[in-house]
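Structural overview for review
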Amino acid sequence: MRRNRKRSGKNKMRFSTRNIFFTLIGICCISMFVSLTFNINGGPLKNVADYVFGPMQRGLNQIGQVLTNRKDELKNLSKVVAENERLHKQIDELTTENSTLKLKQYELENLQKLYELDQKYPSYKKTGARVIAKDAGNWFDSFVIDKGSKDGIEVDMNVIAGSGLVGRVTAVGRHSATVTSIINDTCNFSGMMISTSDYCIIRGNLMTMNQDQVIPFDTLKDPKDKVTEGEQVVTSNISDKYLEGILVGYVTTIKTDSNNLTKSGTITPVVDFEHLEEVLVIMEKKEYN
Amino acid sequence: MLRKVVEIGLCIICFVLQITVFKSLEIGSVSPNLLVILVAAIGFMNGKREGIFIGFISGLFVDLYFPQVLGLYALLYMLIGYFNGCFRKEFFPDDVKLPMIMIALSDFVLNIVIYVLLFLFRGDLKIGYYVVNIMVPELVYTLVVSILLYLIILKINQRLESYEKRRASKFG
């Protein structure tokens with residue numbers, strides 16, 4: 001170190017390239033260490049970045065969406081014509097079916113009231129947000145939404161789209177927040193089969209998601225073989241980050257593991273992660289005492 | 001000073017384009033990496049010092065917005081800038097071969113390192129799949145984009161150089 005300084009002094013350069021290089025490497029290593037040990041990411045620096053990128057992202061993302069729409073339009077035009085005819089026929093069938101279902105729905109609601117089932121899944125307070133940017137690389141699946149700490153968003157709040165779970169907030173700036181989705185390769189969480197209330201571990205997976213649009217689950221205990229394909233999977237009550245009872249997806253394949261005790265398989269998420277435009281952030285966090 | 005401002009400006013533009021417009025144009029869920037093009041190009045055009053600087057800045061942007069481990073991408077991009085800076089002497093503006101090779105190499109090495117640090121260390125051994133389905137497509141897509149982007153960066157760099165020369169002759 002000292003020799004370096006001497007040499008750079010001779011050259012009349014106070015900061016030689018090498019010194020800058022090693023200082024910055026040091027800074028990076030320290031910040032990596034700090035963020036790994038204390039689980040901090042960004043903090044005030046993120047707010048600064050927010051002011052710079054926020055407005056640009058919003059504008060440019062709209063351009064991007066227009067481009068995607070054009071791309072999709074061209075791809076789909078021929079399909080749509082054929083589909084239109086088929087759908088017209090289907091409408092007639094469905095209208096009749098719908099009326100019967102409405103009657104059944106009415107009956108169900110009455111019964112639910114009797115059982116006070118709606119107590120089990122309380123309606124959480126939500127706020128809508130637009131997706132304004134996606135992950136910089138191709139390895140992970142996270143995205144940026146246009147609401148931040150100013151709107152009351154906090155880290156670990158759950159994010160849903162439609163009726164399905166999308167992920168949770170992992171970093172918050174003043175006007176934006178980063179959401180890590182459940183299909184992210186580093187994401188594992190506890191899920192629950194809706195009919196049997198058996199727990200399983202759901203794991204985000206880059207490969208299966210790219211190939212078949214599914215994510216794997218494992219360590220499901222199902223001794224009576226009650227879980228079948230098409231079973232609904234929701235977030236479980238023992239998950240420490242996700243609120244209970246949010247729909248994740250449907251079981252697509254299931255098989256018994258070689259240990260003959262547990263089962264594993266794949267789940268098709270209900271959310272279309274490719275075309276996320278608007279999401280809902282649940283303004284409550286899972287609290288434990 | 002002007003150079004630094006322009007470089008940061010380029011960084012911001014590339015980063016924002018990468019996470020918005022180019023994400024909508026992704027092919028097979030793969031999108032190009034503009035920041036690697038920028039860092040590598042600035043690196044071998046202007047040397048290690050500028051390479052480190054711009055690498056650190058663009059890595060920091062990625063870290064702040066998409067946190068895996070804060071500082072990891074800053075370090076990786078900085079190293080890319082540094083090693084590309086080592087090839088400054090081999091660089092001639094008319095020759096497109098070296099830049100293309102350097103950009104391709106940088107992108108590939110970056111992805112390999114990310115795989116090793118963030119996937120292999122978690123026990124994920126499917127490197128073959130990742131090479132075929134993520135690294136190589138990204139490399140090809142990045143190269144296609146880099147043909148255009150590289151020329152833009154080159155033009156901006158030449159403008160900056162002539163500006164600096166004029167300034168130097170004024171004061172010298």
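Note that the coordinates shown come from a computational prediction; the quantities given were computed from them, not determined experimentally.

**With respect to the confidence of the model for chain B**
- Confidence in the prediction for chain B averages 89 pLDDT; 99% of positions are at 70 or higher.
- Here helix 2 (residues 21-24) of chain B stands out as the element of chain B with the lowest mean pLDDT, 86, in contrast to helix 5 (residues 72-85) of chain B, whose mean of 93 is the highest.

**Focus on the pairing of strand 4 (residues 164-172) of chain A**
Residues and elements named next belong to chain A.
- When you tally the buried positions in strand 4, you get eight out of nine residues, the bulk of the element.
- As judged from the four bridges shared by strand 3 (residues 158-161) and strand 4, these two strands associate in the antiparallel manner. Directly across from Ile160, in strand 4, lies its bridge partner Leu165.
- Connecting strand 3 to the antiparallel partner strand 4 that follows it, the hairpin turn spans two residues, and Gly162 within it adopts a positive phi of roughly 60°.
- With five bridges connecting them, strand 4 and strand 5 (residues 177-181) associate as antiparallel partners. By the bridge assignment, Val172 is partnered in strand 5 with Ala177.
- Once strand 4 ends, the chain turns through four residues before running back antiparallel as strand 5.

**Digging into helix 3 (residues 34-46) of chain B**
Residues and elements named next belong to chain B.
- If you check helix 3, its first and last C-alpha atoms are 18 Å apart, about what 13 residues at 1.5 Å a residue would give, namely 18 Å.
- With 13 of 13 residues buried, helix 3 is to be regarded as a mostly interior element.
- Note on helix 3: the residue one or two positions beyond its end, Gly47, has a positive phi of about 95°.

**A word on the interface of chain A and chain B**
- With 42 residues of chain A in contact, the opposing surface of chain B contributes 40 residues.
- Elements represented by at least two residues in the side of chain A that touches chain B include exactly helix 2 (17-38), helix 3 (44-115), strand 1 (126-134), strand 2 (142-145), strand 4 and helix 4 (206-212) of chain A.
- Of all the elements, helix 3 of chain A adds the most residues to the side of chain A that touches chain B, at 14 residues.
- Across the side of chain A that touches chain B, the residue classes tally to 22 nonpolar, 16 polar and four charged.

**Here we look at the nonpolar core**
- The biggest cluster of nonpolar side chains holds 111 residues, and the ones touching the most others in it are Val166 and Val279 of chain A together with Ile37 and Leu38 of chain B.
- A total of eleven residues in this core trace back to one element, the largest contributor, which is helix 3 of chain B.
- Each of domain 1 (46-118) and domain 2 (125-289) of chain A contributes no fewer than three residues to this core.
- Those residues in contact with Ile37 of chain B, other than ones at most four positions away along the chain, are Ile103, Thr142, Val145, Ser146, Leu149 and Tyr150 of chain B.

Here is what the cut-offs are and how they apply
Residues numbered from 1 in each chain as written. Chains lettered and ligands numbered in written order. Predicted model: local features only at pLDDT ≥ 70, side-chain atom pairs only at ≥ 80, totals over all residues. pLDDT = per-residue confidence, 0-100. Helix = DSSP H or I, 4+ residues; strand = E, 2+ residues; numbered from the N terminus. Buried ≥ 20, exposed ≤ 12 C-beta atoms within 10 Å, placed from the backbone. Pairing = 2+ DSSP bridges. Expected span 1.5 Å × (residues − 1). Contact = placed C-beta atoms within 7 Å. Nonpolar A, V, L, I, M, F, W, Y, C, P; charged D, E, K, R; others polar. Core = buried A, V, L, I, M, F, W, Y, C linked by C-beta atoms within 7 Å. Domains from an automatic or database assignment.

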